[in-house]
Amino acid sequence: MESVASQKIKIYNSLTGKKEIFNPVSKNRVGMYVCGPTVYSNVHLGNLRTFTSFDIMFRYLSHIGYKVRYVRNITDVGHLENDEDFGEDRIDKKARSENIEPMEVVQKYTCDFHGVLRRFNLLPPSIEPTATGHIIEQINLIKILVDKNLAYVKNGSVYFDVFEYNKKYKYGILSKRDLGDLIHNTRNTKGQSDKKNPQDFALWKKAKSNHIMKWGSPWSVGFPGWHIECTAMSNKYLGDLFDIHGGGIDLKFPHHECEIAQANACFGTNAANFWVHANMLTLNGAKMSKSTGNNILPNEIFSLGSPFLTKTFSESSVKFFMLQAHYRNVLDIGNDALIASERGFQRIKDAIDILKNIKTFSKKTSFNVKNWISDCYDAMNDDFNTPILISHLFEVVKFINKLNIGQAKITKADYNKLQNTIKLFMTDIMGLDIANKSSFKNDKFDQIINVLLELRKDARKNKDYKMSDRIRDMLKEKGISINDSDDNSSYTID
Ligand code: AMP
Ligand code: ZN
């Protein structure tokens, strides 16, 4: 294990717009809070990309010796449609439309989220608090804000008074928005009549009669606003000032801006020293999103269930694809790009196998292993630059291939260092599965199932339903389910 002192990390801080040297609040400890999912629908690959980015940071910071407390919440109340202060609560709405309990919605999609993250080998956080489990803490913070005259009560709801706040502090420091410009650019006041100003945001909402999730409070029977939950949970587990606050870049405004205002008003801090934002995964150039249908669900990449893909991919190929881009850059996913990444990942896995079989050692190494290892660390120390790290791994692949054909030499000591370092970065830091040797077998399997799906399509076209049902039933017996849509069929392995 590298010692903390030997690694100086730089992290890009959205608050200052600069890469800064990372010095934690408490020596050798890191407190990191990441906004978790709103559990009203299945996670898509975009969500996965953001959580993968923070998983890598958690793994790397832990590896270099920090004791990391990683808090990632579950949003199970208060996140309204369109990230607004009016409209329906996403979970409440889903529960009403399906005539089930909100907690059934929460349970179902929390399980889906955990299942996906486990499958993609993301580590669980140290604490995973829920918003509904911290209503008292949220009410207590709102009381502080009301007492300080930075929040006001109107018709049973409580709003943060952005104008009053702006007299003492500055609203907009994260998203670099000026309150004056915000006023100028805000026209839509629909449903915001209780607010003194449209920029004010809800801390507590009085529940309408059909609202299911509601709690008693000094102001009304209602539910908390979306932003106050993260302030309450991060403060409870990480204190008034912690090290890293993360989330997708789409949360920067208003969610994170409002969190910063709440933290300044309650604790006199920006909550975290480093505000870190992961950029979006796009599909066909547009943000991957559940509501627009422009998305790929994790399950669809294993089962040919996405119209955007011609073949299946393994979890690690998809992760490798994501890590070939820096977390702060937009990344567009597509079939060809995934195929290219899968090949690259295979090249590294092949080299790892070749290395295992090298049995002859020399007195000298014709490659600077020490420099190469420090280059790998430098890449990660420079704002967790995984694409540069991967380019160093490709560099070492060339050396290993030369070793294999006797055009390069290595000492036993360097061999051990090389092998350990490749394993460290591929498995422990990037969380990739290097044991799964080849995607060739998976591809052949897909192709065989596709032949059967084509034959079944022909049978259905010819109204030979006996045959089409037979193919479906025989596959079902083998644990393969066919899912039919209007013009396509896909399969899932049960
Ligand atoms: P949500 O469940 O919508 O609150 O999102 C959970 C996390 O996924 C948040 O940090 C979002 O910023 C992030 N996220 C949502 N869509 C994308 C996307 N297309 N690419 C990357 N991250 C995303
Ligand atoms: Zn949050």
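Our subject in this report is the structure included herewith. (Residues numbered from 1 in each chain as written. Chains lettered and ligands numbered in written order. Predicted model: local features only at pLDDT ≥ 70, side-chain atom pairs only at ≥ 80, totals over all residues. Heavy atoms only, no water.)

### Some details on the coordination of the zinc ion (ligand 2)
Note the following rule: A donor here means an N, O or S atom no more than 2.8 Å from the metal, or no more than 3.2 Å when the metal is Na, K or Ca. Since water is not included, a site may seem to lack partners. Per the convention used, a helix needs a DSSP run of H or I reaching at least four residues, while a strand needs a run of E reaching at least two, with both numbered from the N terminus. Relative accessible area decides the class of each residue, using a 1.4 Å probe on protein chains only: under 20% of the type maximum gives buried, over 50% gives exposed, and in between gives partly exposed.
For the zinc ion (ligand 2), the full set of protein donor atoms is Cys 35 (SG), Cys 230 (SG) and His 255 (NE2), and the range of their distances to it is 2.0 to 2.2 Å. Mapping the donors of the zinc ion (ligand 2) onto the primary sequence gives the spacing C-x194-C-x24-H. Residue Cys 35 is found in the loop between β3 (29–34) and α1 (45–63), and its partner Cys 230 is found in helix α7 (residues 226–238); the two are separated by 195 residues along the sequence. Cys 230 matches Cys 35 in its accessibility class, with the two residues each being buried.

### Considerations on the pattern of salt bridges
As a reminder, the rule being used: We count a salt bridge whenever a side-chain nitrogen from Lys or Arg sits within 4 Å of a carboxyl oxygen from Asp or Glu.
Applying the stated rule across the entire model yields 19 salt bridges. A salt bridge links Asp 473 to Arg 472; its shortest N-O distance comes to 3.4 Å. Judged by relative accessible area, which is 38%, Asp 473 ranks as partly exposed. Salt bridges sharing common partners tie together Glu 88, Asp 92 and Arg 96.

### Some details on the nonpolar core
Note the following rule: Joining through side-chain atoms within 4.5 Å is the link that ties buried Ala, Val, Leu, Ile, Met, Phe, Trp, Tyr and Cys residues into a set, and such a set is a nonpolar core. Note that the domain bounds reflect an automated or database-derived domain assignment. Every residue pair with non-hydrogen atoms within 4.5 Å of one another is taken to be in contact.
Grouped together as the largest cluster of nonpolar side chains are 138 residues, with contacts concentrated most on Leu 45 and Ile 422. Viewed by domain, this core spans two of them, domain 1 (4–278) and domain 2 (282–429), each represented by three or more residues. When residues no more than four places from it in sequence are discounted, the contact partners of Ile 422 are Ile 352, Leu 355, Trp 372, Leu 393, Val 396, Ile 400 and Thr 427. With eight residues, the next largest nonpolar core counts Leu 304, Leu 453, Ile 480 and Tyr 491 among its residues.

### A closer look at the pairing of strand β2 (residues 18–21)
So the rule is basically this: Two strands form a pair only when DSSP identifies at least two bridges running between them.
Relative to β2, strand β1 (residues 10–13) is paired through four bridges, and the arrangement is antiparallel. Directly across from Asn 13, in β2, lies its bridge partner Lys 18. Following β1, the chain reverses through four residues before pairing antiparallel with β2; Gly 17 in that reversal takes a positive phi of roughly 70 degrees.

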